Amino acid sequence: GRKWGNCMSTLDEGFEAIMDSIIRKLEAERAPGKTLSGVKKIIRGDRSEPTPYTPCIWVFGETATPDDNYTTLQERWKQPIALVSVVSNYDADEGYREATKLAALARSVVIKQRRLSDKDGNPLQMVQDIKSARFEPSAPWHKQGNLFSAVAVVDVIFRVMEV
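Being a predicted model, the structure only gives us computed values, none of them experimental.

The rules we used
- Residues numbered from 1 in each chain as written.
- Predicted model: local features only at pLDDT ≥ 70, side-chain atom pairs only at ≥ 80, totals over all residues.
- Heavy atoms only, no water.
- Phe/Tyr/Trp six-rings, centres within 6.5 Å; stacked < 30°, edge-to-face > 60°.
- Buried < 20%, exposed > 50% of the residue type's maximum accessible area, 1.4 Å probe, protein only.
- Helix = DSSP H or I, 4+ residues; strand = E, 2+ residues; numbered from the N terminus.
- Pairing = 2+ DSSP bridges.

A. Spotlight on the packing of aromatic side chains. The full count for this structure, using the stated rule, is 2 aromatic pairs. For the pair Trp-58 and Phe-60, a centre-to-centre distance of 5.8 Å together with 5° between the ring planes defines the contact as stacked. Overall, the relative accessible area of 9% leaves Trp-58 in the buried class. Accessibility expressed as a relative area gives 31% for Phe-60, which makes it partly exposed. Their ring planes at 80° and their centres at 4.9 Å tell us that Tyr-96 and Phe-148 sit as a pair that is edge-to-face. In this pair, Tyr-96 sits in helix 2 (residues 92-111) while Phe-148 sits in strand 9 (residues 147-161), placing the two residues 52 residues apart along the sequence.

Right under this line is the structure:
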């Protein structure tokens, strides 16, 4: 696709770059001694069948909305990204707590420095900010058998250029 500086030009390219960057950020924290070292798998939710290796984190894009009305060819968008933790536990009390904690940790990892990077570690110039949006602690409606989940949503504010 066309580039505008280091800014992706189209909405779909922007979404792909954001998702790839968030997955990389989470994967990097799975290293021993890092924040998410106990996590078995980071799953891109729009590309995978549900085969839960637990504990895991599913990453989904929710509905993006334009953030402002621009009169130029540049638009600013808000892309919510859901980080869904899934843990397995036969003790319900522990399961709820673990799922809630894991979603909160994933949120911390993603919003750190409020920047996203490309595969070479360079900042994605199109991304202006990442902020916390919604947090759903684990609850009975997030439980299925011995699997517990919780959801942290972050909003990625980014620019696209349509030419």
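That was the structure; now back to the text.
B. View of the pairing of strand 4 (residues 56-61). Examined bridge by bridge, strand 3 (residues 41-44) and strand 4 share 4 bridges and lie parallel to one another. Considered in strand 4, the bridge of Ile-42 is made with Ile-57.

C. Main features of the pairing of strand 9. With 14 of 15 residues buried, strand 9 lies mostly within the body of the structure. Pairing geometry for strand 6 (residues 74-88) and strand 9, over 15 bridges, is antiparallel. Bridging across to strand 9, Ala-82 finds its partner in Val-153. Relative to strand 9, strand 7 (residues 127-136) runs antiparallel, the two sharing 8 bridges. Pairing of Arg-134 across the sheet is with Val-153, part of strand 9. Sheet analysis places strand 8 (residues 143-144) next to strand 9, joined by 2 bridges and oriented antiparallel. Bridge pairing in strand 9 links Gln-144 to Leu-147. Between strand 8 and strand 9, which pair antiparallel in sequence order, lie 2 residues; one of them, Gly-145, sits at a positive phi of approximately 60°.

D. Broad picture of unusual backbone geometry. With an omega dihedral of -5°, the bond running from Thr-54 to Pro-55 counts as a cis peptide bond. Following the sequence through the fold, Pro-55 ends up in the loop between strand 3 and strand 4. Here Gln-113, not a glycine, exhibits a phi torsion of approximately 65°, which is positive. Tracing the backbone shows Gln-113 in the loop between helix 2 and strand 7. Take Gln-113: its relative accessible area is 63%, and that puts it in the exposed class. Its identity as a non-glycine residue notwithstanding, Arg-114 has a phi of 50°, on the positive side.

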